[in-house]
Amino acid sequence: MTKRLIYADHAATTPLSDAAWEAMVPFLRDDFGNPSSLHSWAKKPKAAIVEARETIAKCIGAEADEIYFTSGGTEANNWVINGSTGGLMISSYEHHSILNSAENARKKGRKVSFVNPSPNGSILTRNISRSWLDGVGLVSVMTANNEIGVINPIKGLVDYVHKQGVLFHTDSVQSIGHIPIDVREMGVDFLSASAHKFNGPKGVGFLYMRKGLSLKPLIFGGQQEQGVRAGTENVAAIVGMAAALKSNCDEMERNIRHLNLLASQLKAGLEELCNGVYFFGSKSELQLPGFVSASFPGRSSEGIVHIMDLKGVAISAGAACDSKNMQLSHVLKAVKLPRKYAEGTVRITLGIENTDEDVKMILNAFKVALR
Amino acid sequence: MLNDYDVCSFCDRVLTKDEQGLNKKILEGDARRGLCRCLSCMAEYLECEEEELRDKIEEFKSEGCKLFS
């Protein structure tokens with residue numbers, strides 16, 4: 001009998017939606033023209049890119065000419081950090097595409113400072129001292145953290161940072177397509193996104209840049225993307241990204257209800273299985289739908305993940321061992337989770353295709369993994 | 001003299017280096033307490049096939065984990 005496999009690692013990547021696939025197919029083969037060409041083969045791809053840009057802009061409350069296509073979230077994040085000027089202030093639990101870009105900027109002489117999250121996992125205005133903003137040109141705080149799923153109060157942070165005359169970027173890679181995102185309401189100046197996190201294809205993303213702002217280009221060449229991001233457009237991927245985002249946004253309310261219900265069933269089941277299990281987002285802080293960050297004191301997250309894998313369930317670990325020691329993720333270190341809990345932290349991230357039956361099977365697998 | 005990592009605590013079979021590594025890797029808590037299993041006893045405990053455990057060993061080896069031969 002074939003073992004049933006359950007994918008519960010949607011924060012790592014998501015399956016391609018039907019809407020995305022169907023939108024992409026014509027551009028993978030038949031409509032292969034280069035959108036920049038002057039002949040008629042360019043027409044369809046060019047029109048498709050215009051439409052995709054408008055669709056994406058509409059999904060996040062932006063205007064079409066504020067959307068710049070990139071190769072993914074990593075490029076968008078690199079672009080903002082490397083293309084901005086002045087000092088940088090970033091949260092200490094950002095994705096490595098922000099952290100390592102900032103480190104590169106520091107080596108080139110830019111001042112870089114860090115904001116630490118509160119123990120509940122959120123970055124709050126009170127975590128940012130006004131004096132720290134002296135000389136800072138850009139603050140970057142992720143919309144929701146990719147390991148613990150806690151959603152940050154971005155609007156409040158933006159208001160505070162703008163009062164000091166500083167620009168604000170948010171990495172929304174983990175959030176967009178899963179929770180409502182409106183750039184005007186949030187007030188952000190820059191926002192990064194990656195398609196494969198919201199049921200789109202891999203290798204494509206976008207940067208929102210508020211009208212009137214500019215960044216130094218990261219990639220030089222042709223005049224694509226209003227002359228600031230060179231390279232022939234990945235038409236199929238761009239079209240797939242727009243279709244995936246639209247589909248997720250159209251179904252968002254229903255998806256959130258479904259995922260919150262599954263997550264609460266999962267948490268209740270895990271509480272029954274393990275006395276003392278700790279969940280990020282179990283109190284007042286907001287958390288991404290379907291996101292369960294569970295810490296099992298005294299257990300090894302790596303061991304749990306491998307046993308779950310043997311049982312056909314894909315989840316991920318917050319700690320992994322090298323040849324000698326257990327290495328905690330920078331996120332769990334930043335939120336100062338006690339080592340006993342951090343070493344046993346796993347991330348279970350449910351997706352829209354998961355069902356009640358999947359949750360039962362995940363809990364059955366945990367029964368074995370937590371013996 | 002054999003130590004706790006050398007024999008299966010349930011059937012007394014002498015463990016290979018790969019079996020010892022697998023105990024440390026996925027059943028670290030038990031291994032730390034000196035409770036180790038051969039592939040057969042581990043498969044029974046985890047309700048999986050021995051072949052799946054062998055695949056795991058190969059996976060760890062390909063990642064360069066030094067716990068394996």
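In what follows, the accompanying structure is described. (Residues numbered from 1 in each chain as written. Chains lettered and ligands numbered in written order. Predicted model: local features only at pLDDT ≥ 70, side-chain atom pairs only at ≥ 80, totals over all residues. Heavy atoms only, no water.)

## Points about unusual backbone geometry
Residue and element names in this part refer to chain A. The cut-off we apply is this: Between buried and exposed lies partly exposed: a residue is buried under 20% and exposed over 50% of the maximum accessible area for its type, with that area taken using a 1.4 Å probe on protein chains only. Counting from the N terminus, the helices are DSSP H or I runs at least four residues long and the strands are E runs at least two residues long.
Phi at Glu225 takes a positive value of approximately 50 degrees, unusual for a residue other than glycine. The class of Glu225 is buried, set by a relative accessible area of 6%. Of note in this structure, Lys336 is not a glycine but carries a positive phi near 55 degrees. Note that Lys336 resides in the loop between helix H10 (330-334) and helix H11 (339-342). Overall, Lys336 belongs to the exposed group, its relative accessible area being 63%.

## A few points about the pairing of strand E3 (residues 87-91) of chain A
In summary, the side chains of a regular strand alternate between the two faces of the sheet. Residue and element names in this part refer to chain A. Threshold: Pairing between strands is defined by DSSP: at least two bridges between the two strands are required. We call a crossover right-handed when, viewed with the strands running away from us, the connection from the first strand over the helix to the second turns clockwise.
With five of its five residues buried, E3 lies for the most part within the structure. Side chains of E3 alternate between two faces, with Gly87, Met89 and Ser91 and Leu88 and Ile90 buried alike. Both E3 and strand E4 (residues 112-115) contribute to a ladder of four bridges, which runs parallel. Within the sheet, the bridge partner assigned to Met89 lies in E4 and is Ser113. After leaving E3, the chain enters helix H4 (residues 96-107) and then returns to the sheet as E4, a path that is right-handed.

## Here we look at the packing of helix H1 (residues 17-26) of chain B against helix H3 (residues 39-46) of chain B
All names here are of chain B. Spelled out, the test is: Axis angles are defined between N-to-C directions and span 0 to 180 degrees, where every axis is a line fitted to C-alpha atoms and, for a helix, only to the segment in contact. These descriptions rest on fixed angle ranges, namely under 35 degrees for roughly parallel, over 145 for roughly antiparallel, 65 to 115 for roughly perpendicular, and the rest for oblique. By definition in these notes, contact holds between two residues if any of their heavy atoms fall within 4.5 Å. Think of it as three bins: nonpolar holds Ala, Val, Leu, Ile, Met, Phe, Trp, Tyr, Cys and Pro, charged holds Asp, Glu, Lys and Arg, and polar takes everything else, Gly as well.
Where H1 meets H3, the closest approach of the two axes is 10 Å, and the angle between their N-to-C directions is 30 degrees. Classified by the angle their axes make, H1 and H3 are roughly parallel. Contacts from Glu19, Leu22, Asn23 and Ile26 in H1 reach Leu39, Met42 and Leu46 in H3. In terms of residue class, the contact of H1 with H3 is built from five nonpolar, one polar and one charged.

## As for the interface of chain A and chain B
We count it as follows: Buried area: the accessible area, evaluated with a 1.4 Å probe, that two parts lose upon being put together, summed over both parts. In what follows, salt bridge is the name for a side-chain nitrogen of Lys or Arg lying within 4 Å of a carboxyl oxygen of Asp or Glu. Throughout this description, a polar contact denotes any pair of N or O atoms lying within 3.5 Å of each other; where both atoms belong to protein, one of them has to be capable of donating a hydrogen while the other can accept it, and for residues adjacent in sequence the pair is counted only when both atoms sit in side chains.
Each side of the interface is counted separately: chain A has 13 residues, and chain B has 14 residues. At the boundary of chain A with chain B, total buried surface from both sides reaches about 1300 Å², with 53% on carbon and sulfur atoms. Interface area lost by chain A to chain B is led by His306, Leu310 and Arg371 of chain A, which between them contribute 43%. Applying the counting criterion to the chain A and chain B interface returns three salt bridges. At the junction of chain A with chain B, the criterion picks out seven residue pairs in polar contact (both at pLDDT 80 or more). It is helix H9 (residues 301-310) of chain A that contributes the most residues to the side of chain A that touches chain B, six residues altogether. For the side of chain A that touches chain B, the per-class residue count stands at four nonpolar, four polar and five charged.

## Description of the sheet that holds strand E15 (residues 345-349) of chain A
Residue and element names in this part refer to chain A. Spatially, the four strands line up as an open sheet ordered E9-E10-E15-E12, and their pairing is antiparallel. Unpaired on one side and paired on the other, strand E9 (278-280) and strand E12 (316-317) mark the two borders of the sheet. Where E9 lies against strand E10 (residues 291-295), three bridges are found, and the strand directions are antiparallel. Within E10, the residue paired with Phe279 across the bridge is Ala294. Lying on the sheet, helix H8 (residues 252-273) is in contact with E9, E10 and E15; it crosses E10 at an angle near 15 degrees.

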